[in-house]
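# Breakdown of the fold
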Amino acid sequence: MAQDYQDIIYTKKDGIATMSFNRPQVLNAFRPRTIDEMIEAFQDAWYDDSIGVAVLTGERGNFSSGGDQKIRGHGGYEDEGGTPRLQVRNLHRLIREIPKPVIAKVDGYAIGGGHVLHVICDLTLASDRAIFGQTGPKVGSFDAGFGAMYLARIVGEKKAREIWYLCLQYSAQEALEMGLVNKVVPQAELDAETERWCKLILEKSPTSIRMMKFGFNADTDHGYGLQALAHSATSLFYTSEEAREGRMAFLEKRKPDFDEFRRSPW
Ligand code: 2NE
């Protein structure tokens, strides 16, 4: 154990740092504390030069179901003191900028903001029972930053729009076919395959790998301004009745009813 955390498990072994969501009661949905702990772990892995690759994953059979709707208040995801301050934007930036590859190891659900996190990782390895999808427009949310732009780079504009507009769930095989994951393996082999990929990276020149990551990032680095605006827009949207309806429908386990909200012409 690299550090004792409440919402995540962070371990380091043989050059691999593993950050794992650990809130199984909500399918590893995250709250401000979860993201704070993830940020600290990624910063540690960044500065530890014995670490060559990071693995982002989740405990007990799920990756993450995104923002915790049970602690989402009027202005967003509230910390234990009642302040809305989810720093997920900074986690997105860290995953992109840490000068080492980040592999998403996905078993079970990678949904909503949890799906965006795997999208942003350098590589994704999935078990054959992994399920992928966005839910924002169902629950009164959206990620119009890297959650839109970078997803479209990966799967193409048409598929990315389908994913966000329809909010369907996709199997691991479907995700593989659309280039959303690098490889699918039986669940029992996911840990070993991830370790094998990590070792393949670790035996390469660290400088070459670092420079390649920066090179790949450069093409979409212009997205930072968009990301800031998009996440601020989400925070503003959360204060609306329309967003509240999405959240309440999820909590009340019913279909949302957005009929009363205008399709604004601007
Ligand atoms: C993930 C999914 C599809 C699973 O469905 P199912 O039927 O297999 O499980 P169930 O019964 O829905 O979930 C089990 C328990 O976990 C809780 C549920 O409420 C349930 O709790 P109880 O009723 O037993 O008390 N749970 C699951 N996901 C949760 C969540 N995200 N927050 C709080 N509790 C959660 C299904 O559960 C689902 O669709 N979950 C919601 C996914 C979602 O909408 N995530 C948020 C998207 S918005 C976002 O992440 C975001 C953003 O858009 C922008 C910035 C930051 C974050």
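The name an unreviewed UniProt entry assigns to the chain is 1,4-dihydroxy-2-naphthoyl-CoA synthase, from the organism Entotheonella factor. UniProt, in its Cofactor (unreviewed entry) section for the chain, records the words "hydrogencarbonate". We quote the UniProt Function (unreviewed entry) comment for the chain here in full: "Converts o-succinylbenzoyl-CoA (OSB-CoA) to 1,4-dihydroxy-2-naphthoyl-CoA (DHNA-CoA)."

## Structural notes on the pairing of strand β6 (residues 102-106)
Where burial is concerned, most of β6 is hidden: five out of the five residues are buried. Here β6 shows a buried face lined by V102, A104 and V106 and a second buried face lined by I103 and K105. Sheet analysis places strand β3 (residues 53-58) next to β6, joined by three bridges and oriented parallel. Looking at the pairing, L56 lines up with A104 of β6. For β6 and strand β8 (residues 123-127), the ladder comprises four bridges, and the chain directions are parallel. Residue I103 lies in a different strand from β8, and its bridge partner there is L123.

## A look at the side chain of T57
Structurally, the position occupied by T57 is in strand β3. Setting aside anything within four residues of it in sequence, one finds T57 in contact with T18, M19, S20, F21, F63 and K105.

What counts and what doesn't
- Residues numbered from 1 in each chain as written.
- Predicted model: local features only at pLDDT ≥ 70, side-chain atom pairs only at ≥ 80, totals over all residues.
- Heavy atoms only, no water.
- UniProt positions renumbered as here; feature names shortened; annotations may be inferred.
- Buried < 20%, exposed > 50% of the residue type's maximum accessible area, 1.4 Å probe, protein only.
- Helix = DSSP H or I, 4+ residues; strand = E, 2+ residues; numbered from the N terminus.
- Pairing = 2+ DSSP bridges.
- Contact = heavy atoms within 4.5 Å.

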